[in-house]
Amino acid sequence: MNRLLSLAGALALSALASVSAASSVWAADYPSQPIKLIAPYPPGGQTDIVARLVAQPLAEALGSPVVVENKPGANGLLGHDLVAKAKPDGYTILVGNSAMLAVAPNLLEKRPFDPTKDFAPIVTVAGGPLILEVNPKLPVHSLADLIALDKQKPGTLNLGLGGLGTIHHLLGEQLKLTFKTSWTDVPYKGAGPMLVDLIGGQVDFAFDNISSSIGHVRSGQLRAIAVSQKTDLLPGVPALSETPGLEGLEASAWHGILAPAGTPPEIVHKLNSEIVKILKRPETLEKLKTLGLDLIANSPEEFSRFIVSENARWKKVADVSGAKME
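## Some points on the pattern of salt bridges
Taken as a whole and assessed by the stated rule, the structure comprises eight salt bridges. Residue R52 pairs with D48 through a salt bridge whose shortest N-O separation is 2.9 Å. Note that R52 and D48 are positioned in helix α2 (residues 46–62) at a spacing of four residues, about one turn of the helix. One connected set of salt bridges, linked through shared partners, spans E173, K176 and D185.

As structure tokens, this is what we get:
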């Protein structure tokens, strides 16, 4: 019996060694066919821009086409889920974001994927602050002013949400929890229509990504009263953490590149190495700066830990606030 067990163990180890060797050879030949880079939103948005910023230089570095495929739907859930369930061979990868990898899964009754288990993180590309902005007709020049106005006129203010299941959404919930406010959430199917109504006065204030709002702030169409973290693009605007009660609160809307869980580590690290080189090019850094994004360019292991920590962080807010999305 012991001999049979020893033989079985030896065969198992031999099989594992063979699989490992085959995986290494396969990774060495990677890529041998075009790579699909999934952007889970329509063309023209920040996620799509990040995808196209990386795709062509990566194709040149790898010697194989990298094709951006837009797969919008369900506020980005569709494209994320597609990659989570794709074959883990390195030929279908994703530009994911904080909304779908850290916030939305904690607001859903049924999660189509687990962001901490169903992906092989490759690299966090960059992150940027969010602006808390108001319609200029609103007599508000600071977050303290906004809270005071809400107390003076309970239930009259409207918070525009560019989408449910976003960091914008849960930052609003954080303010409600902290200051016991009574404003009404008005959700939109995207930041574009929300900004139109904010500028037009149909909603009073909103959180939005700096890249899509800074032009409106600079033109005077919107007034920035706080940012989720300090930024040189709006040097005179205070951070949320400078408001009593919000000490230590910082948040960013971030983008990262991921593969399906089970993708060979050699492929993950090869992609990380090439993408990090691309991200550190002067022309790439300049483009990220124009988008209001700060370079991160971390390792797969660091990105993995970051996703876990971000999920734990926003789950606490979601659980206490009771916020949900369908």
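Moving on from the model shown.
## Points about the packing of helix α6 (residues 167–179) against helix α11 (residues 300–321)
Contact geometry for α6 and α11: axes closest at 10 Å, N-to-C directions at 55°. Taken together, α6 and α11 sit at an angle that is classed as oblique. Viewed along their axes, α6 and α11 form a crossing whose handedness is left-handed. For the pair α6 and α11, the contacting residues are I167, L170, L171, E173, Q174 and L177 in the first and W314, V317, A318, V320 and S321 in the second. Partitioning the contact of α6 with α11 into residue classes produces eight nonpolar, two polar and one charged.

## Structural notes on the confidence of the model for the protein chain
Do not read the predicted coordinates in detail wherever pLDDT is low. Averaged over the protein chain, the pLDDT score is 90; the fraction of residues at 70 or greater is 91%. Within the protein chain, helix α9 (residues 265–279) carries the highest mean pLDDT (98), whereas helix α1 (residues 2–29) carries the lowest (52). Scored below 50 in pLDDT, residues 15–23 shows two contacts in the model against residues more than four places distant or in partner chains.

## A few points about the nonpolar core
With 52 residues, the main nonpolar core has L132, L143, L146, L171, L240 and W314 as its most contacted residues. Apart from residues no more than four positions distant in its own chain, L132 is found in contact with L143, L146, L175, F205, A206, F207, R223, A224, I225, A226 and L240. Counting residues in hydrophobic clusters, the runner-up holds 35 residues, among them V54, I122, A259 and V276.

Analysis parameters
- Residues numbered from 1 in each chain as written.
- Predicted model: local features only at pLDDT ≥ 70, side-chain atom pairs only at ≥ 80, totals over all residues.
- Heavy atoms only, no water.
- Salt bridge = Lys/Arg side-chain N within 4 Å of Asp/Glu carboxyl O.
- Helix = DSSP H or I, 4+ residues; strand = E, 2+ residues; numbered from the N terminus.
- Axes fitted to C-alpha atoms, helices over the stretch in contact; angles between N-to-C directions.
- Parallel < 35°, antiparallel > 145°, perpendicular 65-115°, else oblique.
- Left-handed = near helix turned anticlockwise from the far one by under 90°.
- Contact = heavy atoms within 4.5 Å.
- Nonpolar A, V, L, I, M, F, W, Y, C, P; charged D, E, K, R; others polar.
- pLDDT = per-residue confidence, 0-100.
- Core = buried A, V, L, I, M, F, W, Y, C linked by side-chain atoms within 4.5 Å.
- Buried < 20%, exposed > 50% of the residue type's maximum accessible area, 1.4 Å probe, protein only.

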